[in-house]
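Read off the chains here:
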Amino acid sequence: MSESAEQAHQEASRKLFMVVWVSLLVLTGVEVFLAYENLEVKLMLIILMTLSIVKASLIISYFMHLRFERTSLVLTLMPALVFVIVMMFMAFPDSVRLYEMKPK
Amino acid sequence: MADETMSAHGLHAQAGAMESAWEGGGSPYAVGSKKLGMWLFIVSDAITFSALLVAYSYVRVASSLWPRPFESASIINATVMTGVLLSSSLTMVMAVRESKRDAVSKTVVWLLATAAGGILFDILHIREWLGLIHEGVRLFANPWGTPLFGAAFFSLTGLHMTHVTIGVVYLIVVALGFRRSKYSAEDVEVSGLYWHFVDLVWMFIFPLVYLMSAKLA
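What you are looking at is a predicted structure, and each value in this text was computed from that prediction instead of being measured.

Caption draft 1: Layout of the overall build of chain B. When helices and strands are tallied, chain B shows 6 helices and 0 strands. Helices (α) and strands (β) of chain B occur, in sequence order from the N terminus, as α-α-α-α-α-α. For chain B, buried positions account for 37% of its 217 residues.

Caption draft 2: Structural detail: the overall build of chain A. Looking only at helices and strands, chain A features 4 helices and 0 strands. The N-to-C order of helical and strand elements in chain A reads α-α-α-α. Oriented by its inertia axes, the alpha-carbon framework of chain A measures out at about 75 × 35 × 10 Å.

Caption draft 3: Representation of the interface of chain B and chain A within the structure. Between chain B and chain A, the contact holds 37 residues from the first and 40 residues from the second. Residue assignment for the side of chain B that touches chain A shows that the elements contributing at least two residues are helix H2 (33-62), helix H3 (72-100) and helix H6 (185-210) of chain B. Among the elements that make up the side of chain B that touches chain A, the one with the highest residue count is H2(B) (11 residues). The residue makeup of the side of chain B that touches chain A, split by class, is 27 nonpolar, 8 polar and 2 charged.

Caption draft 4: Structural context of the nonpolar core. Counting 64 residues, the largest nonpolar core has Leu111(B), Leu193(B), Ile205(B), Phe206(B) and Tyr210(B) as the members making the most contacts within it. Among the secondary structure elements, those contributing two or more residues to this core are helix H1 (2-36) and helix H2 (41-63) of chain A together with H2, H3, helix H4 (104-134), helix H5 (149-179) and H6 of chain B. Of all the elements, H6(B) adds the most residues to this core, at 17 residues. Here Leu111(B) is in contact with Ala95(B), Leu171(B), Val174(B) and Ala175(B), once residues within four sequence places are set aside.

Caption draft 5: Representation of H2(A) in the model. The end-to-end C-alpha distance of H2(A) is 31 Å, a good match for the 33 Å that 23 residues give at a rise of 1.5 Å each. Of all the positions in H2(A), only Met44(A), Leu48(A), Ser52(A), Lys55(A), Leu58(A), Ile59(A), Ile60(A), Tyr62(A) and Phe63(A) are classed as buried.

Caption draft 6: Inspection of the environment of Phe70(B) at higher detail. Residue and element names in this part refer to chain B. Counting through the fold element by element, Phe70 comes out in the loop between H2 and H3. Between the alpha carbons of Phe70 and Glu128 there is a distance of 9.7 Å; along the sequence they are 58 residues apart. The contact partners of Phe70, leaving out residues within four places of it in the chain, are Ile75, Tyr210, Ser213, Ala214 and Lys215.

Caption draft 7: Focus on the confidence of the model for chain B. Residue and element names in this part refer to chain B. With 88% of its residues at a pLDDT of 70 or more, chain B shows a mean pLDDT of 90. Segment residues 1-17 is flagged for pLDDT under 50; beyond a separation of four residues in sequence, or across chains, it makes 1 contact in the model. On the interface metric, ipTM, the complex scores 0.91, and its pTM is 0.89.

Caption draft 8: The arrangement of the packing of H5(B) against H6(B) in detail. Residues and elements named next belong to chain B. Packing of H5 against H6 leaves a shortest axis separation of 10 Å and a crossing angle of 160 degrees. Comparing the axis directions of H5 and H6 gives the class roughly antiparallel. Note that H5 runs across H6; the crossing there is left-handed. Between H5 and H6, the residues in contact are Phe153, Leu156, Thr157, His160, His163, Val164, Gly167, Tyr170, Leu171, Val174 and Phe178 and Asp187, Val188, Ser191, Tyr194, Trp195, Val198, Val201, Trp202, Ile205 and Val209, respectively. Partitioning the contact of H5 with H6 into residue classes produces 15 nonpolar, 5 polar and 1 charged.

Caption draft 9: The confidence of the model for chain A, seen in detail. Averaged over every residue, the pLDDT of chain A is 91; the share at 70 or more is 96%. Taking the mean pLDDT of every element in chain A, the minimum, 88, falls on H1(A) and the maximum, 96, on helix H3 (residues 71-88) of chain A.

Caption draft 10: Representation of the packing of H3(B) against H4(B). All names here are of chain B. Running from N to C, H3 and H4 cross one another at 165 degrees; their axes reach a closest spacing of 8 Å. In terms of their interaxial angle, H3 and H4 are classed as roughly antiparallel. Crossing hand, H3 versus H4: left-handed. Class assignment for the residues of the contact of H3 with H4 results in 13 nonpolar, 11 polar and 3 charged.

Caption draft 11: Region of interest: unusual backbone geometry. Residue and element names in this part refer to chain A. Non-glycine residue His65 carries a positive phi angle of around 70 degrees. Position of His65 among the secondary structure elements: in the loop between H2 and H3. Under the C-beta neighbour-count criterion, His65 is labelled partly exposed, with 17 such atoms within 10 Å.

Calculation notes
- Residues numbered from 1 in each chain as written.
- Chains lettered and ligands numbered in written order.
- Predicted model: local features only at pLDDT ≥ 70, side-chain atom pairs only at ≥ 80, totals over all residues.
- Helix = DSSP H or I, 4+ residues; strand = E, 2+ residues; numbered from the N terminus.
- Buried ≥ 20, exposed ≤ 12 C-beta atoms within 10 Å, placed from the backbone.
- Contact = placed C-beta atoms within 7 Å.
- Nonpolar A, V, L, I, M, F, W, Y, C, P; charged D, E, K, R; others polar.
- Core = buried A, V, L, I, M, F, W, Y, C linked by C-beta atoms within 7 Å.
- Expected span 1.5 Å × (residues − 1).
- pLDDT = per-residue confidence, 0-100.
- Axes fitted to C-alpha atoms, helices over the stretch in contact; angles between N-to-C directions.
- Parallel < 35°, antiparallel > 145°, perpendicular 65-115°, else oblique.
- Left-handed = near helix turned anticlockwise from the far one by under 90°.

This is the structure:
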């Protein structure tokens, strides 16, 4: 009985991985489609970053299994990483300013 | 006598407390030290890639003359590369699953399939590099616009390609070691964490480097 329960679990996890894989491919397809739409650079950057963060979360949560690890591990790894990355954007508004102040 | 029992009981309670996760006993994260080590490496490597990507995005948004050398053929090539890398993550997940069931030969096959995906990715990427070099892109010069394009492109994709190549070697070593029972299922899982991370980084490089510099009708 436990063997069949194990098998059911295996089957469920295989299905879950397939769903994650297909969603990642679909999100990639959306990104490529957007590139063909020739959007403005700033808007394009924001949309692509958002989609990429969704894809990264899917990979971390399911492929890297972090969703099923103990909360203490997640809390040790993720907030510090997110904080450091967010701080890197501190001077980012300057890039837009540089672009707009430049003589064209 | 009663005191003795009390103190023995007290000692026992203390020993119990020592084993609790937050008292420094046992395994606080319920993962092995190899897995924790790989996670810590991944976090620091993620910061390295973030620094490069943020710096690149800064220059990209600030430049009005950023080159857009990637036409449809390049974008299709890069999309195929993305598909290959994503699929190799799926085969890696399969390898980890089979290794936990002790299915040795299946694990080895899935691991080698993952490594093959990495090799295919490298070949397609080197083709792209050679094409750009042939068109005259150098680290600090290119025929089209902002000279920094070459440095940004080659350092970002080059660092990623180095990771893929190291990953291919790592996976092959783990596959051969797992077959000889030198490595355990945990080692396979840890190599999987690294491989998924390499895939994850590409999920940022592909849109930011390729799609933001595409010239499509």
